[in-house]
Each structure stands twice: as structure tokens, then as C-alpha cells.
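So the chains spell out like this:
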Amino acid sequence: MTLKQEIVGNAMQMAVVNLRPGQIVYCEAGKFLFKTVNVTMETRLSGPSNGGGQQQSGSGGGMGGLLRQAMGTAMQVGQRMLAGESLAFQYFTAQGGEGTVGFAGVLPGEMRALELDGTRAWFAEKDAFVAAESTVDFGIAFAGGRTGMSGGEGFVLEKFTGHGTVIIAGAGNFIDLNPADFGGRIEVDTGCVVAFEEGIEYGVQRVGGLNRQGIMNAVFGGEGLSLATLEGNGRVILQSLTIESLANALRKAQGGDKQGPTGGLFSTHAG
């Protein structure tokens, strides 16, 4: 059953979800805005794949079932802790009629509702997740040590599987691309990747070679040493504003910008 939702606003959008009776939607803690009085809210550590989306019926195998459930929840929480994600989810259910719930991201920018049909997973940057139906499973994917250490945002990815609607958010404006329309491969700033479909190969490459031009690109180009690469045939969502560029602009406005003309490679981070 598709989630009935509408994304409203411009500079900082919000998602307004209309819940049918008994329908469940969950969000990451901190993304909830408002609800009608007939919508119940419950905070849990477990995700929907571990029974978080609905109450478990029966004992599930007695003490053994309860222990397995507790261990599954602990593993989920541990993964989210390592990834720097929220430890808990908030679940919303409409009682006695349709109800309304509002959600938003944490940065000025767009939101997007993705429809999962069970054939392809979606991957998103850390903190992109806003809310989803309980039929959508939230997980953590690790892009691999070498790729992640080089790519920054790419080390930890959110993974969405199952059927239903998932709502994500990013910074600035979105653009939808398919690498297949551009020769099968695109290269982007590592902070511009919002989400991509399963089947897209994500990687990180050095900006230029270890020569004069490569050093010029890294030092004065503002991109650091690496670019993200996206290859294959599938949907890719990019954002126009990176968190690093936003942080640099805020530091500059506060008189704390120390990076001068050298761009991102030698930028000085406050704190």
C-alpha cells in the first residue's frame, strides 16, 4: 500500500503524510515535525526488519525467541552507532480514522519520495533518511575501507529494501541522472551524492595524477584529493550543496575561515 504523502515548501521542504487507519510510518529520531491527535507516537530501538514496525504476536518461541529478538535489536543499534546514525526510531500509527504527520530533514534543501517494489534496493548518504513505511527495511551498508576512507561521505551508506515508500532529504537542489546517459560513468564531488539505485557501482578515485596539474587540482580546486565515481545503468540523485561548503560558508561569515586560497585540502575545521 503506497504511502499517501505530499512534499511541500521550497528552500527547506517538508513531507506531509496522510496515514490510513492501522498504517505505520517510522522516522529517524529528530525528523518529526507535527501530527494530528489521533496519531500515536512510540519510540523504539528496533527497526522494522526486527519487528519494529509492528507488535510481535505471541512469544516467538519463548525465551529463545525473545533472546534472538533482543540480539537482533542490539546488532541494529550497534551498526547505527558505528555509522553515527540515530539510535532510535519513532513510529506513528493512525487510530480511528486517517491521521496526518509531518517530517523534515535537518538542512535547507529538497526531499524526495522513493518507491521500492522489492526488486532493487536504494542506497543513500548518511543522514539522508527521513521516514518510511514499516514495509521498508532500513539498514547500514559499508562501502569498504579503501573507498570509504577516501570518499568521506561514502564510507557508511544507508540501505533501503522491501516494498513501499521511503522519504529522503538532502541539501540545496536535487538533480536526477543516469550514468548510462553519459557514457556509463559520471564523476562528482564526494559530498554531492544523495542516493542511488542498486546496480550502480560507487567508487572513489584520485583527482588527477601525482603531477603538477594533479596537485593544482587538489590544492587550489577545492575538491581535495578525491572524486566519487558512479557507474552503471540506474537512477542517481545528486545535491547542489555539500555539507562541507555550507560549513565553510558559515565559518567565513563568523570570521573563522582559515582556508584562504587553497580550497578544501588545507581547510581548517573549527572545534
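Residues numbered from 1 in each chain as written. Predicted model: local features only at pLDDT ≥ 70, side-chain atom pairs only at ≥ 80, totals over all residues. Heavy atoms only, no water.

Draft legend 1. Quick look at the nonpolar core. In terms of nonpolar packing, the biggest core is built from 22 residues, with Y26, F129, F160, V166 and I168 touching the most fellow members. Taken together, the elements giving at least two residues each to this core come down to β3 (24–28), β6 (89–94), β8 (111–117), β9 (122–125), β10 (129–133), β11 (136–142), β12 (156–169) and β15 (193–197). Broken down by element, this core gets its largest block of residues, four residues, from β12. (Core = buried A, V, L, I, M, F, W, Y, C linked by side-chain atoms within 4.5 Å. Buried < 20%, exposed > 50% of the residue type's maximum accessible area, 1.4 Å probe, protein only. Helix = DSSP H or I, 4+ residues; strand = E, 2+ residues; numbered from the N terminus.)

Draft legend 2. Here's a closer look at the sheet that holds strand β17 (residues 226–231). Taking strand neighbours across the sheet as the criterion, the three strands line up as β14-β17-β16 in an open arrangement whose pairing is antiparallel. Both outer strands of the open sheet, β14 (185–188) and β16 (201–206), are each paired with one neighbouring strand and no more. Mean inter-strand twist for the sheet, computed between neighbouring axes without regard to direction, equals 30°. Bridging between β14 and β17 involves four bridges; their strand directions are antiparallel. Within β17, the position partnered with V188 by the bridge is A228. (Pairing = 2+ DSSP bridges. Axes fitted to C-alpha atoms, helices over the stretch in contact; angles between N-to-C directions.)

Draft legend 3. Main features of the confidence of the model for the protein chain. When pLDDT is averaged along the protein chain, the result is 80, and 68% of the positions lie at 70 or above. A low-confidence stretch, residues 50–59 stays under pLDDT 50, and its non-local contacts, those more than four residues away or across chains, total 23 contacts. Counting contacts from residues 261–271, a segment whose pLDDT is below 50, to residues more than four positions away or on other chains yields 21 contacts. (pLDDT = per-residue confidence, 0-100. Contact = heavy atoms within 4.5 Å.)

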